[in-house]
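Chain residues, written in single-letter form:
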Amino acid sequence: MAFRIPFIFSILLSVATAGGARADFTDGKLPDGTYHCEVYLLGMFLSLGDITIKGNIYSGPVTFGTVQQGYNYQMDANGEITWLGPLGGYTAGGNSISLTQATLDGQTRPSFDIIMKQPDGAFTASTCTKR
């Protein structure tokens, strides 16, 4: 019996923790705002522009000037984002999006990581953080 109580408690704790992590993704949307995207390459952080989120619409990334059009995106309960339109250089020149994962843990600014597959098969990761 003594073994069961800690075991049951640990299961309840892990279920409560998992439920709390998903609570941030309840609406299937990122918090509205501008997300600055960077990649760490050759010992430096390089800016890849800004992506603006409003509701379930995104625009960008924009390095200079303004964006012409917005597109829809979807986010599942685990924070995986599907972009339903082009995403600048991430989807140009033979590049494609392999995965986009949101991080909304409450202790840091909301962000998402974009894993891009290049035409040669190499992968590049960048992080977009809300300003």
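Our subject in this report is the structure included herewith. (Residues numbered from 1 in each chain as written. Predicted model: local features only at pLDDT ≥ 70, side-chain atom pairs only at ≥ 80, totals over all residues. Heavy atoms only, no water.)

## Describing the nonpolar core
- In this structure, Leu-30, Ile-51 and Phe-112 are the most contacted members of the largest nonpolar core, which totals 19 residues.
- Only β1 (33–41), β2 (44–54), β4 (71–75), β5 (81–83) and β7 (111–117) provide two or more residues apiece to this core.
- Leu-30 has contacts with Tyr-35, Ile-53, Gly-55, Tyr-73, Met-75, Ile-81, Ala-102, Leu-104 and Phe-112, leaving out every residue within four places of it along the chain. (Core = buried A, V, L, I, M, F, W, Y, C linked by side-chain atoms within 4.5 Å. Buried < 20%, exposed > 50% of the residue type's maximum accessible area, 1.4 Å probe, protein only. Helix = DSSP H or I, 4+ residues; strand = E, 2+ residues; numbered from the N terminus. Contact = heavy atoms within 4.5 Å.)

## Side note on the packing of aromatic side chains
- Here the structure, examined in full by the defined rule, presents six aromatic pairs.
- Geometrically, the ring pair formed by Tyr-58 and Tyr-71 is tilted, given 6.0 Å between the ring centres and 35° between the ring planes. Taken together, the residues Tyr-58 in strand β3 (residues 57–62) and Tyr-71 in strand β4 connect sequence positions 13 residues apart.
- Note on Tyr-58: relative accessible area 0%, which makes it buried.
- Residue classification places Tyr-71 among the partly exposed residues on the basis of a relative accessible area of 25%.
- Ring geometry for Trp-83 versus Phe-112: centroids 5.5 Å apart, planes at 55°, classification tilted. (Phe/Tyr/Trp six-rings, centres within 6.5 Å; stacked < 30°, edge-to-face > 60°.)

## Quick look at unusual backbone geometry
- Of note, the bond from Gly-60 into Pro-61 is cis; its omega dihedral lies within 30 degrees of zero at 10°.
- For Leu-42, which is not glycine, the phi torsion reads 55° and is therefore positive.
- Summarising the element assignment, Leu-42 is placed in the loop between β1 and β2.

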